[in-house]
Amino acid sequence: MDFQSKKQTWDTLKVPKELQAGLSLMAYKRPSIIQSVSIPNVMDKPDTNFLFQAINGSGKTGAYGVPSLMKVDKSIQKTQVIILANTRELIRQICSVLDLFNKEFGVTLVVGELKAEIDKAQILITVPGYLKNKLKDRKKTMDLSELKMVVYDEADELFIQKDNHECFLALSE
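A brief report on the enclosed structure follows. (Residues numbered from 1 in each chain as written. Predicted model: local features only at pLDDT ≥ 70, side-chain atom pairs only at ≥ 80, totals over all residues. Heavy atoms only, no water.)

**Description of the overall build of the protein**
Part 1 of the reasoning: Regarding its fold elements, the protein presents seven helices and four strands.
Part 2 of the reasoning: Scanning the protein from its N terminus toward the C terminus, one meets helices and strands in the order α-α-α-β-α-β-β-α-β-α-α.
Part 3 of the reasoning: Within the protein, the proportion of its 173 residues that are buried is 42%.
Part 4 of the reasoning: Looking at the protein alone, contacts between residues at least 24 apart form 68% of all its contacts between residues at least 6 apart.
Part 5 of the reasoning: With the model as given, the accessible surface of the protein reaches about 10000 Å², and the carbon-plus-sulfur share is 51%. (Helix = DSSP H or I, 4+ residues; strand = E, 2+ residues; numbered from the N terminus. Buried < 20%, exposed > 50% of the residue type's maximum accessible area, 1.4 Å probe, protein only. Contact = heavy atoms within 4.5 Å. Areas by Shrake-Rupley, 256 points an atom, 1.4 Å probe, with all protein chains shown as cover.)

**Let's talk about helix α3 (residues 60-71)**
Part 1 of the reasoning: Over its 12 residues, α3 extends 17 Å from the first C-alpha to the last, a length consistent with the 16 Å expected when each residue adds 1.5 Å.
Part 2 of the reasoning: Most of α3 sits inside the fold, with 10 of its 12 residues counted as buried.
Part 3 of the reasoning: Within the span of α3, buried status applies to G62, A63, Y64, G65, V66, P67, S68, L69, M70 and K71. (Expected span 1.5 Å × (residues − 1).)

**What to know about the pairing of strand β4 (residues 149-152)**
Part 1 of the reasoning: With burial as the criterion, only one face of β4 is covered, namely that bearing M149 and V151; the residues V150 and Y152 on the opposite face remain uncovered.
Part 2 of the reasoning: Pairing analysis gives four bridges linking strand β1 (residues 81-84) to β4, with the strands arranged parallel. Note on β4: the bridge partner recorded for I83 is V151. (Pairing = 2+ DSSP bridges.)

**Overview of the layout of surface pockets**
Part 1 of the reasoning: If you add up the space inside the largest pocket, you get close to 950 Å³.
Part 2 of the reasoning: For the lining of the largest pocket, the secondary structure elements donating two or more residues are α2 (33-44), α3, β4 and α6 (155-160).
Part 3 of the reasoning: Here the lining of the largest pocket is built from residues that sort into 16 nonpolar, four polar and eight charged. (1 Å grid on protein atoms, 1.4 Å probe; cavity = no way out; pocket = protein on both sides within 12 Å on 5 of 7 lines; lining within 4 Å. Points joined across faces, edges and corners; volume = space filled by probe spheres on them. Nonpolar A, V, L, I, M, F, W, Y, C, P; charged D, E, K, R; others polar.)

**Remarks on the environment of M149**
Part 1 of the reasoning: Within the element layout of this structure, M149 appears in strand β4.
Part 2 of the reasoning: On a C-alpha basis, the gap between M149 and V81 in space is 4.8 Å, while along the polypeptide they are 68 residues apart.
Part 3 of the reasoning: Apart from the residues within four sequence positions on either side, M149 is in contact with V42, Y64, P67, S68, K71, Q80, V81 and I82.

**Quick notes on the packing of aromatic side chains**
Part 1 of the reasoning: Considering all chains together, one arrives at two aromatic pairs under this definition.
Part 2 of the reasoning: Measuring from ring centre to ring centre gives 5.7 Å for Y28 and F101, while their planes differ by 55°; the resulting arrangement is tilted. Here F101 lies in helix α4 (residues 88-101) and Y28 lies in the loop between α1 (17-25) and α2, a separation of 73 residues in the sequence. (Phe/Tyr/Trp six-rings, centres within 6.5 Å; stacked < 30°, edge-to-face > 60°.)

**Observations regarding the environment of D99**
Part 1 of the reasoning: Mapped onto the secondary structure, D99 falls in helix α4.
Part 2 of the reasoning: When the C-alpha positions of D99 and G22 are compared, they lie 8.4 Å apart, and in sequence the two are 77 residues distant.

**Observations regarding the pattern of salt bridges**
Side-chain pairs of opposite charge can arise whenever the charged atoms involved come near each other.
Part 1 of the reasoning: Within this structure, the stated rule accounts for two salt bridges.
Part 2 of the reasoning: Across the pair K17 and D11 runs a salt bridge, and its minimum N-O distance is 2.7 Å.
Part 3 of the reasoning: Linking D143 and K78 is a salt bridge whose minimum nitrogen-to-oxygen distance equals 3.1 Å. Here the residue D143 occupies a position in the loop between α5 (128-136) and β4, and K78 occupies one in the loop between α3 and β1, the gap between them amounting to 65 residues.
Part 4 of the reasoning: For D143, a relative accessible area of 36% translates into the label partly exposed.
Part 5 of the reasoning: Its relative accessible area of 31% is what places K78 among the partly exposed residues. (Salt bridge = Lys/Arg side-chain N within 4 Å of Asp/Glu carboxyl O.)

**A look at the sheet that holds β4**
Part 1 of the reasoning: Overall, parallel pairing links the four strands, which are arranged β2-β3-β1-β4 in an open sheet. The open sheet has two edge strands, β2 (109-112) and β4, and neither has a second partner. Strand-to-strand twist across the sheet, computed as the mean angle between neighbouring axes with direction ignored, equals 15°.
Part 2 of the reasoning: Relative to β2, α4 is tilted by about 175°, and along the sheet it contacts β1, β2 and β3 (123-126).
Part 3 of the reasoning: The strands that α5 touches are β1, β2 and β3; relative to β3, the one it contacts most, it runs at about 120°. (Axes fitted to C-alpha atoms, helices over the stretch in contact; angles between N-to-C directions.)

Put into structure tokens, the structure is as follows:
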């Protein structure tokens, strides 16, 4: 099945050339339909919440990954985007895809697990339990003063788990 947009290109979506170089490593010649809808909306409406849904293989990780990378101010060494997913396997998978997109772009990605140095993360990719523990840690505060975007991958799964509710409340404060 062809999910590529017939109307949009990476240039019309204003995706920087360095980021396009990483997208080409994934054989993304043109944005998918979900990417062509999500990227301009996320970039042009920063104070709006979005819910995007698409079938497997349609480019959902790129739909939030590309604008996540584009939103980062590389001169600021603080967490600017948090991507939450429901399993450790999924956060590693997301990070490996974003790593490819990011090859020439230069944003610092960190998977939030055990001894991760999250104070160096411009994009933190983690599970809700890890983030909840970091937000509760009284010894070391987590600086979210530059936070621009929070992504919930597999949101239906994330919000079903009762333990995650506390994490989402802490993030919204």
